[in-house]
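Spelled out from the first residue to the last, the chains are:
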Amino acid sequence: MLTALFHRAPKLTNLFYQASSTRFARSMATCLVEEDNYSFLKDLGLKRVNNGVYNGEWASGKAGTVQSIDPASGRVIAEVTTGSVQDLERCLSAGVAAYQEWKKLPAPFRGEIVRQIGDELRKFREPLGKLVALEMGKILPEGVGEVQEFIDICDYAVGLSRMVGGAIFPSERHQHTILEKWNPLGLVGVISAFNFPCAVFGWNAAIALTIGNTVLWKGAPSTSLVSIATTKIVSDVIKRNNLPPVVTLCQGGDDIGKQMVKDERVKLMSFTGSTAVGRMVGVEMQRRFGRCLLELGGNNALIINEDAPQEMALDAAYFGCIGTAGQRCTTTRRLIIHEKLYDGFLQKLVKRYSNLMQRVGHPLDQATLYGPVHNQQAVENYKQTIQEAVSLGGKIECGGKIIQRPGFFVEPTIISNLPHDAPVVKRETFAPIVYVFRAKNLTEAISWNNEVDQGLSSALFTNNIQSAFQWIGENGSDCGIVNINTSPSGAEIGGAFGGEKHTGGGRESGSDAWKQYARRSTITVNHSTDLPLAQGIVFE
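Residues numbered from 1 in each chain as written. Predicted model: local features only at pLDDT ≥ 70, side-chain atom pairs only at ≥ 80, totals over all residues. Heavy atoms only, no water.

**Q** Describe in detail the sheet that holds strand β19 (residues 457-461), supporting the description with residues and values.
**A** Ordered in space as β15-β16-β17-β14-β13-β19-β20, the 7 strands form an open sheet in which the pairing is mixed. In this open sheet, the two edge strands, each paired with only one partner strand, are β15 (395-398) and β20 (481-484). Direction aside, the axes of adjacent strands within the sheet are offset by 25 degrees on average. Bridging between β15 and strand β16 (residues 413-416) involves 3 bridges; their strand directions are antiparallel. Of the residues in β16, the one forming a bridge with C398 is I414. Against the sheet, helix α17 (residues 465-472) contacts β13 (300-304), β19 and β20, and its axis sits at roughly 175 degrees relative to β20. (Pairing = 2+ DSSP bridges. Helix = DSSP H or I, 4+ residues; strand = E, 2+ residues; numbered from the N terminus. Axes fitted to C-alpha atoms, helices over the stretch in contact; angles between N-to-C directions. Contact = heavy atoms within 4.5 Å.)

**Q** Explain the pattern of salt bridges to me, using residue names and the numbers behind them.
**A** In total, this model carries 28 salt bridges according to the counting rule given. In this structure, E89 engages R265 in a salt bridge whose closest nitrogen and oxygen atoms are separated by 2.7 Å. Separated by 176 residues along the polypeptide, E89 in helix α4 (residues 85-102) and R265 in the loop between α10 (254-262) and β11 (266-272) bring together distant segments of the chain. The shortest N-O distance in the salt bridge between E120 and K123 comes to 3.3 Å. One end of the pair is E120 and the other is K123, both in helix α5 (residues 107-123) and 3 residues apart, which spans about a single turn. When its relative accessible area of 61% is taken as the criterion, K123 is described as exposed. A network of salt bridges, in which partner residues are shared, links E112, R115, D119, R122 and D155. (Salt bridge = Lys/Arg side-chain N within 4 Å of Asp/Glu carboxyl O. Buried < 20%, exposed > 50% of the residue type's maximum accessible area, 1.4 Å probe, protein only.)

**Q** With reference to specific residues and values, describe the sheet that holds strand β12 (residues 291-295).
**A** Spatial ordering of the open sheet is given by β3-β2-β10-β9-β8-β11-β12, a layout of 7 strands whose pairing is mixed. Only two strands of the sheet have a single partner each, and these edge strands are β3 (58-59) and β12.

**Q** Just give me the short version of the nonpolar core, but keep the residues and values in it.
**A** In this structure, L41, L128 and L131 are the most contacted members of the largest nonpolar core, which totals 72 residues. Here the element with the most residues in this core is helix α8 (residues 199-211); it accounts for 10 residues. (Core = buried A, V, L, I, M, F, W, Y, C linked by side-chain atoms within 4.5 Å.)

**Q** Which residues make up a nonpolar patch on the surface, and what values do they have?
**A** Together, I465, F469, I472 and I484 give the surface a local cluster of nonpolar side chains, amounting to about 400 Å² of exposed area. The biggest single contributor to the nonpolar patch is α17, with 3 residues. Its place among the elements puts I484 in strand β20. (Patch = residues over 30% accessible without salt bridge, like charges linked within 9 Å, V, L, I, M, F, W, Y side chains within 5 Å. Areas by Shrake-Rupley, 256 points an atom, 1.4 Å probe, with all protein chains shown as cover.)

**Q** Can you explain a positive patch on the surface? Please cite residues and give values.
**A** Taken together, the side chains of K103, K104, K181 and R519 make up a positively charged region of the molecular surface. Relative to the assigned elements, K181 resides in strand β7 (residues 176-184). (Lys, Arg positive; Asp, Glu negative; His and termini not counted. Charge placed at Lys NZ, Arg CZ, Asp CG, Glu CD.)

**Q** Please provide a residue-by-residue account of the pairing of β13, values included.
**A** With 5 of 5 residues buried, β13 lies mostly within the body of the structure. Side chains N300, L302 and I304 project from β13 onto one buried face, and the interleaved A301 and I303 project onto a second face that is buried too. Two elements, β13 and strand β14 (residues 332-338), share 5 bridges in a ladder whose sense is parallel. Considered in β14, the bridge of I303 is made with I336. Of the crossover connections in this fold, the one passing from β13 over helix α12 (residues 310-322) to the parallel β14 is right-handed. (Right-handed = clockwise from strand over helix to strand, strands pointing away.)

**Q** Please provide a residue-by-residue account of the packing of helix α6 (residues 125-136) against helix α9 (residues 224-240), values included.
**A** Between α6 and α9, the shortest axis-to-axis distance is 9 Å and the interhelical angle comes to 165 degrees. Comparing their axes, α9 and α6 come out roughly antiparallel. Pair α6 / α9 crosses with left-handed handedness. On α9, the residues that touch L128, L131, V132 and E135 of α6 are S224, L225, V226, A229, T230 and I233. The residue inventory of the contact of α6 with α9, partitioned by class, reads 7 nonpolar, 2 polar and 1 charged. (Parallel < 35°, antiparallel > 145°, perpendicular 65-115°, else oblique. Left-handed = near helix turned anticlockwise from the far one by under 90°. Nonpolar A, V, L, I, M, F, W, Y, C, P; charged D, E, K, R; others polar.)

**Q** Can you explain α17? Please cite residues and give values.
**A** Those residues of α17 not exposed but buried are S467, A468 and W471. Around the axis of α17, the buried residues are gathered within 100 degrees of arc, so they sit on the same side. In α17, those exposed residues whose orientation departs by more than 90 degrees from the buried face are I465, Q466 and F469. Those residues of α17 that are buried lie in contact with β13, α16 (442-450), β19 and β20. Its side-chain oxygen placed 2.8 Å from the backbone nitrogen of Q466, N464 serves as the N-cap of α17. (Arc of directions from axis to C-beta. Polar contact = N/O pair within 3.5 Å; in protein donor to acceptor, adjacent residues only side chain to side chain.)

**Q** Just give me the short version of the environment of T331, but keep the residues and values in it.
**A** Within the secondary structure, T331 is located in the loop between α12 and β14. You can call T331 buried: its relative accessible area is 0%. The sequence separation of T331 and F430 amounts to 99 residues, and the corresponding C-alpha distance is 8.7 Å. Those residues within four positions of T331 in sequence are excluded, and the remaining contacts are N300, G320, C321, G323, G326 and S489.

Structure follows, in structure tokens:
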């Protein structure tokens with residue numbers, strides 16, 4: 001079951017990918033990496049066929065070759081040799097061995113290595129950002145912005161390396177002191193999704209390394225080139241400092257993910273992907289008493305209150321719904337609008353959507369504001385969801401069609417006239433589809449926000465302080481991200497990122513999310529010459 005689900009996970013891999021890759025390979029004589037217009041790929045050390053395994057040295061994977069596809073054209077970018085279970089074993093062994101040395105180094109020294117990684121990423125920010133845009137399909141500013149997120153979390157981790165600390169508590173016993181200390185776990189596994197192929201690894205790796213862990217990464221198969229290019233940048237820094245391979249990589253299929261989850265040497269598994277697969281990961285990790293950090297589905301709502309700043313709310317809805325072509329975990333999927341504002345707000349949003357069609361194009365084109373979905377499976381999911389919504393009585397306000405051009409392009413879509421609790425609404429579809437609803441008041445809107453299984457991100461637009469505090473309080477949003485007067489889409493690295501309920505409960509990035517990568521020790525020190533017992537017990 002776990003194997004099958006890893007194969008089907010919409011954020012991790014898909015059934016159409018290999019078949020589509022094979023068809024395109026037969027029809028194209030050259031790969032984009034061989035063309036002058038894509039010279040930035042060679043700047044990243046990529047070539048026509050790339051090794052997908054790094055265990056301290058780059059190795060050709062033994063599980064076969066996959067092709068990376070440009071979703072905006074359908075052309076092959078380059079090929080990747082993927083790892084087998086035997087290749088994974090070598091990565092696991094290397095990561096465990098490296099941990100024995102890495103954990104002994106002072107935290108500020110580890111922070112210095114992470115600082116150097118951030119500086120190296122700065123050198124390659126533009127070409128790596130272009131690769132993210134090309135291989136994933138997000139527009140260029142978003143691709144470069146994703147690399148910047150990795151840089152930012154490196155900066156954050158450097159500061160953290162001199163601030164990670166425990167606590168001192170008073171003891172009830174005379175001349176005793178209670179301490180708290182945090183130590184690394186060991187080897188941390190990271191399985192990341194296609195939609196943020198660089199940043200999610202960065203959030204995990206920068207913090208995990210700083211705490212003293214080593215990291216084994218499996219990126220999404222369809223964004224393998226980003227995984228390889230990013231690992232090249234990171235591993236070059238590690239090698240220059242004569243350090244063991246504290247970061248390893250094994251690109252591969254569902255068998256690699258399944259084995260990573262099962263292997264007891266992986267002390268923490270950070271998994272980003274579908275709720276269905278995340279549930280299986282969580283069960284398996286609990287079975288062997290390992291730790292897991294789950295970042296799963298989102299079904300995010302933006303509430304427009306009666307007193308909302310409407311132009312700001314319109315901007316937030318526009319970006320939140322269509323950014324990354326609706327393929328962010330935090331994409332706005334439900335718009336809940338006060339009944340007094342509903343008609344006017346919807347009319348303005350439809351107009352913005354109509355104007356957007358002039359900005360559809362290839363992600364590397366500077367004029368593009370809206371690119372493709374990631375693959376043919378995403379197109380099929382889009383079509384099926386719209387058919388289902390219409391069959392349930394939904395009205396397509398705009399969009400709803402496939403865009404006839406090379407690649408995987410669909411129209412951003414607004415659907416009205418559905419019940420707020422319709423099955424299609426309560427299920428996340430990873431596509432640029434938003435459902436709009438008319439609410440009588442904030443209390444009703446909050447109840448609709450909370451009625452879905454997922455609990456990642458949410459936002460309220462209001463100028464009323466009572467409404468704001470209702471929203472963030474115990475009777476407000478039940479999501480992990482609860483915004484006011486800004487979009488549910490996206491997040492800064494300074495706060496802990498993650499959600500509740502079927503989103504998995506994991507937290508990455510800032511705040512005290514670092515504690516997920518560490519084990520806590522409570523230490524009682526007796527600095528007296530007596531041996532009193534707690535609770536005043538006398539044992540004589």
